There are 2 protein chains.
Amino acid sequence: MTGLRERKKAAIRQAVHETALRLAVERGIDNVTIDEIAEAAGISRRSFSNYFTGKEDALIHPDGQQIRAIVDAVRTRPPGEPAWAAMRAVIRGIVREDEQTVQGWAIRTRLALQHPAILAVQLGKHAALERDLAGVVAERDGVDPVRAQVLATAFLAGLRIALRRWIQEELTAHPADIIEQVLDEMEKPFT
Amino acid sequence: MTGLRERKKAAIRQAVHETALRLAVERGIDNVTIDEIAEAAGISRRSFSNYFTGKEDALIHPDGQQIRAIVDAVRTRPPGEPAWAAMRAVIRGIVREDEQTVQGWAIRTRLALQHPAILAVQLGKHAALERDLAGVVAERDGVDPVRAQVLATAFLAGLRIALRRWIQEELTAHPADIIEQVLDEMEKPFT
DNA sequence: GGCATACTTGCCTAATGCGCATTTTTGCCT
DNA sequence: AGGCAAAAATGCGCATTAGGCAAGTATGCC
């Protein structure tokens, strides 16, 4: 399954992403070309296009990884646990034991807030994975597709809101608190 | 305020959008260049770039108009009415008396579902206007910013989900029903 | 009726997306 | 150990695009 080849590809992907992120933060995104990223990462311009569809994609890449991880984690939660509780438990665990992940997510979200093009790509990627999450929710709770979609969408939207809040507060407070607060807020009835 | 000049600009915008949409539906988006859209719309290629940042932007343009209209409508709802109820009332009114609007929205959402680039732009635009909606919600309910953001986000997300459902069902059922169903679903507590 | 302003357009250049053919690498199996 | 089939990297080329700049043109307004 996890052939060596695949892992190598993943490693290069990650490396290229990190290079892109570094350059983008250093000089500002608009002052970085794909050629430069490729060269700094030690691959050809053409190869860059084999890994990513563009700068934005390279910058946002880990978002996909992480949401995928969330989806998988939810899938392996104890059966019988309601989906919403499962998702909350998963994110709580990630925030507690993988501070780095949340930090990175915040950095990328900050970029997205400053550059509409990146925001668009980020939201597009999230939307794609939202499907998967909705699928897991559906088979977990055995609820109808609409309900599953609503739960999945609400959850990811909640994460984004929390991230934005955290960033607005200059990353001072503890992210866990803000996430909990926002998700609590989503649990309150809207009416 | 609404100078003649502005309205003319808006009219051209609209015309260019319609041209772009027509061509995109006819030949498929990837087989349409900006040059062709510009020529078919009777403006120069360079002017196209003055109106829109790209093909996707031109295609999605009315989404902005409509969400803006929703925001304005919510703003002028009777004071004292809770924001969530106000938003529901507004969308109900639009669906009832402006079938065309919803139809158009569906067409564009269908395009977005088929072309990731368009989806990204659409979500980006929605996100931008979500701010405004959250602002209106905040000053209406007098709630804290997080609550307002949650309500605004949930509402727009609900609309998107409903639109997708409607499209999946081949636009058979009545859109009003699906929208009501999804928003009802969002009112149910997540826990 | 004239003017200041805003809009349009053409020109130009750096940058991008991607198909295609070629070369190089690499995991793997005997 | 060694060769091979598959996968990946690369180079090249072309159509397309984003957007600055400056000159021309239209137009709302006084």
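Residues numbered from 1 in each chain as written. Chains lettered and ligands numbered in written order. Predicted model: local features only at pLDDT ≥ 70, side-chain atom pairs only at ≥ 80, totals over all residues. Heavy atoms only, no water.

**Describing the overall build of chain A**
- The number of helices and strands found in chain A is nine helices and zero strands.
- Along the chain direction, N to C, the helices and strands of chain A fall in the order α-α-α-α-α-α-α-α-α.
- Its C-alpha atoms give chain A a radius of gyration of 18 Å, within 12% of the compact-globule value 16 Å for 191 residues.
- Principal axes of the C-alpha set define a box for chain A whose edges measure 50 × 40 × 30 Å. (Helix = DSSP H or I, 4+ residues; strand = E, 2+ residues; numbered from the N terminus. Rg over C-alpha atoms; globule rule 2.2 N^0.38 Å.)

**A short note on the domain arrangement of chain A**
All names here are of chain A.
- When its domains are assigned, chain A resolves into domain 1 (1-52) and domain 2 (55-187).
- Distance between the C-alpha centres of domain 1 and domain 2: 24 Å.
- Contacts between the two partners involve 13 residues from domain 1 and, on the opposite side, eleven residues from domain 2.
- Summed over both partners, the interface of domain 1 with domain 2 comes to about 1100 Å²; 75% of that surface belongs to carbon and sulfur atoms. (Domains from an automatic or database assignment. Contact = heavy atoms within 4.5 Å. Buried area = accessible area lost by both parts, 1.4 Å probe.)

**Considerations on the interface of chain A and chain B**
- Counting residues at the interface gives 32 residues for chain A and 32 residues for chain B.
- If you sort the residues of chain A by the area they bury against chain B, Val146(A), Arg147(A) and Phe190(A) come out on top, with a joint share of 25%.
- Inspection of the region where chain A meets chain B yields four salt bridges.
- At the surface where chain A touches chain B, the tally comes to four residue pairs in polar contact (both at pLDDT 80 or more). (Salt bridge = Lys/Arg side-chain N within 4 Å of Asp/Glu carboxyl O. Polar contact = N/O pair within 3.5 Å; in protein donor to acceptor, adjacent residues only side chain to side chain.)

**Section: the nonpolar core**
- Within the largest apolar cluster, 78 residues are counted, with the highest numbers of intra-cluster contacts made by Trp84(A), Leu133(A), Phe155(A), Trp84(B), Leu133(B) and Phe155(B).
- Phe52(A), Ile60(A), Ala24(B) and Ala58(B) belong to the second largest nonpolar core, which has 43 residues in total. (Core = buried A, V, L, I, M, F, W, Y, C linked by side-chain atoms within 4.5 Å. Buried < 20%, exposed > 50% of the residue type's maximum accessible area, 1.4 Å probe, protein only.)

**Focus on the protein's contact with DNA strand D**
- In the vicinity of DNA strand D there are 21 residues, among which Ser44(A), Ser47(A), Asn50(A), Tyr51(A) and Arg46(B) approach most closely.
- Arg45(A) has a polar side-chain atom sitting 3.3 Å from a base oxygen of DNA strand D.
- Sorting the residues of the surface near DNA strand D by element identifies α1 (4-27) and α3 (45-51) of chain A together with α1 (4-27), α2 (34-41) and α3 (45-51) of chain B as the ones contributing at least two each.
- Examining the composition of the surface near DNA strand D, we find that five residues originate from one element, α3(A), more than from any other.
- Residue composition of the surface near DNA strand D, grouped by class: five nonpolar, six polar and ten charged. (Near = heavy atom within 4 Å. Nonpolar A, V, L, I, M, F, W, Y, C, P; charged D, E, K, R; others polar.)

**Structural notes on the protein's contact with DNA strand C**
- Arg45(A), Arg46(A), Ser47(B), Asn50(B) and Tyr51(B) are the nearest of the 20 residues found near DNA strand C.
- Considering DNA strand C, the proportion of its atoms within 4 Å of the protein that are sugar or phosphate atoms stands at 58%.
- Within the side chain of Arg45(A), an N or O atom sits 2.9 Å from a base nitrogen of DNA strand C.
- Between a base oxygen of DNA strand C and a side-chain N or O atom of Arg46(B), the distance comes to 3.3 Å.
- Among the elements of the structure, α1, α2 (34-41) and α3 of chain A together with α1 and α3 of chain B are those that each provide at least two residues to the surface near DNA strand C.

**Considering the pattern of salt bridges**
All names here are of chain A.
- Counted by the stated rule, this structure contains 26 salt bridges over all chains.
- For Glu-81, the salt bridge is made with Arg-77, and the minimal N-O distance between the two is 2.8 Å.
- Judged by relative accessible area, Arg-77 falls into the partly exposed class, the value being 28%.
- A single network of salt bridges, built from pairs that share partners, joins Arg-88, Arg-92, Glu-180, Asp-184 and Glu-187.

**Comments concerning helix α8 (residues 145-168) of chain A**
- Here α8(A) is 24 residues long and its end C-alpha atoms lie 34 Å apart, about the 34 Å a rise of 1.5 Å per residue gives.
- Among the residues trailing α8(A), Glu170(A) stands out with phi positive, at a value near 60°. (Expected span 1.5 Å × (residues − 1).)

**Here we look at the layout of surface pockets**
All names here are of chain B.
- A volume near 230 Å³ is recorded for the second largest pocket.
- Together, 15 residues line the second largest pocket, and Pro-62, Gln-65, Gln-66, Thr-101 and Arg-108 are the ones closest to its centre.
- For the lining of the second largest pocket, the per-class residue count stands at seven nonpolar, six polar and two charged.
- Residues lining the lining of the second largest pocket come from more than one domain, with at least three contributed by each of domain 1 (1-52) and domain 2 (55-187). (1 Å grid on protein atoms, 1.4 Å probe; cavity = no way out; pocket = protein on both sides within 12 Å on 5 of 7 lines; lining within 4 Å. Points joined across faces, edges and corners; volume = space filled by probe spheres on them.)

**Topic: the relation of the copies chain A and chain B**
- Note on the identical chains: chain A maps onto chain B by a rotation of 180° and an axial translation of 0.0 Å, with an RMSD of 0.0 Å. Here the copies are linked by what is in effect a two-fold axis. Looking at the rotation axis and the C-alpha trace of chain A, the residue lying nearest is Ala120(A), at 2.3 Å.
- The share of interface residues of chain A whose copies in chain B are also at the interface is 100%, consistent with both copies meeting through the same surface. (Least-squares fit on C-alpha atoms with pLDDT ≥ 70 in both.)

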